[in-house]
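Coordinates in review
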Amino acid sequence: MRLLSRHGVVGLALTLFVLVLTTSPRDASAAIGTIDPVPAASLLFPYFEVDLGNAAGADTILTVDNASATAILSHVTIWSDRGVPAAAFNIYLTGYDVQNFSMRDVLNGTLPATA
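Nothing here was measured: the structure is a model prediction, and the numbers come from that model.

**Some words on the nonpolar core**
If you look at the biggest cluster of nonpolar residues, it comprises 11 residues: Leu62, Val64, Val76, Ile78, Ala87, Phe89, Ile91, Leu93, Phe101, Met103 and Val106. Contributions of two or more residues to this core are made by strand S1 (61-65), strand S2 (72-79), strand S3 (85-93) and helix H2 (103-107). Among the elements that take part in this core, S3 stands out by supplying 4 residues, more than any other. Those residues in contact with Val106, other than ones at most four positions away along the chain, are Ile78, Ala87, Phe89, Phe101, Leu111 and Pro112.

Here is the structure:
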């Protein structure tokens, strides 16, 4: 029994060839764990816990910091467990700035005050 027909193998080879040709070396220039001058980054915090019904209950405090001397604008999106954006806001960070915020406050509509 054949897994791929002759046409399937040729199609797969053509697809891989096109992917190799269209991928630029710039796409692989970012290095994990370093500070490098490449655009875009995604910081994922995979789990947080908040008890909105109890002010003394569970809460998660997140910290975003700027590791460079240049001011940056970071966009934060909070996603629900169903993959729906629940909140979105911007954080402006000056050089070497740090911003802490409570997930309880964000979900209750109080966004962090930044520079």
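**A word on the packing of aromatic side chains**
Evaluation of the coordinates by the stated rule reveals 1 aromatic pair. On the numbers, 5.6 Å between centres and 85° between planes, the contact of Phe89 with Phe101 is edge-to-face. Taken together, the residues span a long stretch of sequence, with Phe89 in strand S3 and Phe101 in strand S4 (residues 98-102) at a distance of 12 residues. Across the pair, exposure class does not vary: Phe89 and Phe101 are buried alike.

**A word on the pattern of salt bridges**
Scanning the entire structure with this criterion turns up 1 salt bridge. Its salt-bridge partner being Arg104, residue Asp59 comes within 3.6 Å of it at the nearest N-O pair. Remark: Arg104 occurs in helix H2 and Asp59 occurs in the loop between helix H1 (6-22) and S1; sequence separation between them is 45 residues. The exposure class of Arg104 is buried, given its relative accessible area of 12%.

Cut-offs used in this document
Residues numbered from 1 in each chain as written. Predicted model: local features only at pLDDT ≥ 70, side-chain atom pairs only at ≥ 80, totals over all residues. Heavy atoms only, no water. Core = buried A, V, L, I, M, F, W, Y, C linked by side-chain atoms within 4.5 Å. Buried < 20%, exposed > 50% of the residue type's maximum accessible area, 1.4 Å probe, protein only. Helix = DSSP H or I, 4+ residues; strand = E, 2+ residues; numbered from the N terminus. Contact = heavy atoms within 4.5 Å. Phe/Tyr/Trp six-rings, centres within 6.5 Å; stacked < 30°, edge-to-face > 60°. Salt bridge = Lys/Arg side-chain N within 4 Å of Asp/Glu carboxyl O.

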